[in-house]
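Now for the letters of each chain:
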Amino acid sequence: WGSGLAGSLWGVMALAFFPPNGSEFAQYQYLLMMMLSGMGTAAAFAQASYPRAFRAFMLPACVPFTILLFLQGTTLHTIYGVGSILYMLSIDRFVVVLNGSILEAYHMRFANQDLVEQLAKQNDVVKQASAAKSKFLASASHDLRQPLHAMELFAEALQQTSLTQASQHITEKLRKSVAAMRSLLDTLLDISKLDAGVIKPQAMSVGLARLLGLIHSEFSGLAQSKG
């Protein structure tokens, strides 16, 4: 309504100050038309976010002046009138395009805000899951290590008994497999320390012979069973 009132005042101004008909006044009529077109262009940029407000200003501001141009009946005024109509159509199209760009920018802004909020929520979920995992590993560490430690003692005791050479060989493999399992379990349980930053990695040389020996002891029986 405010834009409509402002446009109506400009339209009344065009009617009140429209110069009399005559070639000597044509330049003043042209100047008045340029003033109205300048105001329309300024309104297009100022009100592109709300096209209804722009049209509420543009139509009452320019349509009365355009009608007066056609009523003069001369070729020059008819050209002015046609130009005024083309200007109003083109500036309205410009407002529509600019409004689409503004809306798209706002949609992208709110979409980005939604993504940031979702990312923050997912990050909180990940942190909570990591904390729960570390808490579980810390609390279950003793319970998981205890039966494995018992298996090591039983394997060691079995190796001390009177066994055949083949049984001794199998018992040795069992002991090494239990040791490898304990090493893997210790590594798994130490994840909670890694998450807490207690353990710092250090680059160092690794003896591959012992590592490959453990792998051979662990998988040789499975490999032989599969031929």
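A brief report on the enclosed structure follows. (Residues numbered from 1 in each chain as written. Predicted model: local features only at pLDDT ≥ 70, side-chain atom pairs only at ≥ 80, totals over all residues. Heavy atoms only, no water.)

Attention now goes to the overall build of the chain. For the chain, the count of helices and strands is seven helices and zero strands. Going from N to C terminus, the chain has its helices and strands arranged as α-α-α-α-α-α-α. Against the globule reference of 17 Å for 227 residues, the chain gives a C-alpha radius of gyration of 44 Å, more extended than a compact globule. Projected onto the principal axes, the alpha-carbon positions of the chain cover approximately 130 × 40 × 30 Å. Residues counted as buried form 25% of the 227 residues belonging to the chain. Taking contacts inside the chain between residues at least 6 apart in sequence as the whole, the part at least 24 apart equals 69%. Put simply, the chain has 17 plus and 14 minus side-chain charges, and the middle of one group is 4 Å from the middle of the other. (Helix = DSSP H or I, 4+ residues; strand = E, 2+ residues; numbered from the N terminus. Rg over C-alpha atoms; globule rule 2.2 N^0.38 Å. Buried < 20%, exposed > 50% of the residue type's maximum accessible area, 1.4 Å probe, protein only. Contact = heavy atoms within 4.5 Å. Lys, Arg positive; Asp, Glu negative; His and termini not counted. Charge placed at Lys NZ, Arg CZ, Asp CG, Glu CD.)

Buried together is how nonpolar side chains tend to be arranged in soluble globular proteins. Judged by nonpolar contacts, the single largest core of 21 residues is most densely connected at Leu 36, Phe 54, Met 58, Cys 62, Phe 65, Leu 69 and Ile 91. Every element with two or more residues in this core is listed here: α1 (2–16), α2 (26–46), α3 (51–71) and α4 (75–160). With eight residues, α3 is the largest single contributor of residues to this core. What Met 58 contacts, discounting residues up to four positions off in sequence, is Gly 40, Val 63, Tyr 87, Met 88 and Ile 91. (Core = buried A, V, L, I, M, F, W, Y, C linked by side-chain atoms within 4.5 Å.)

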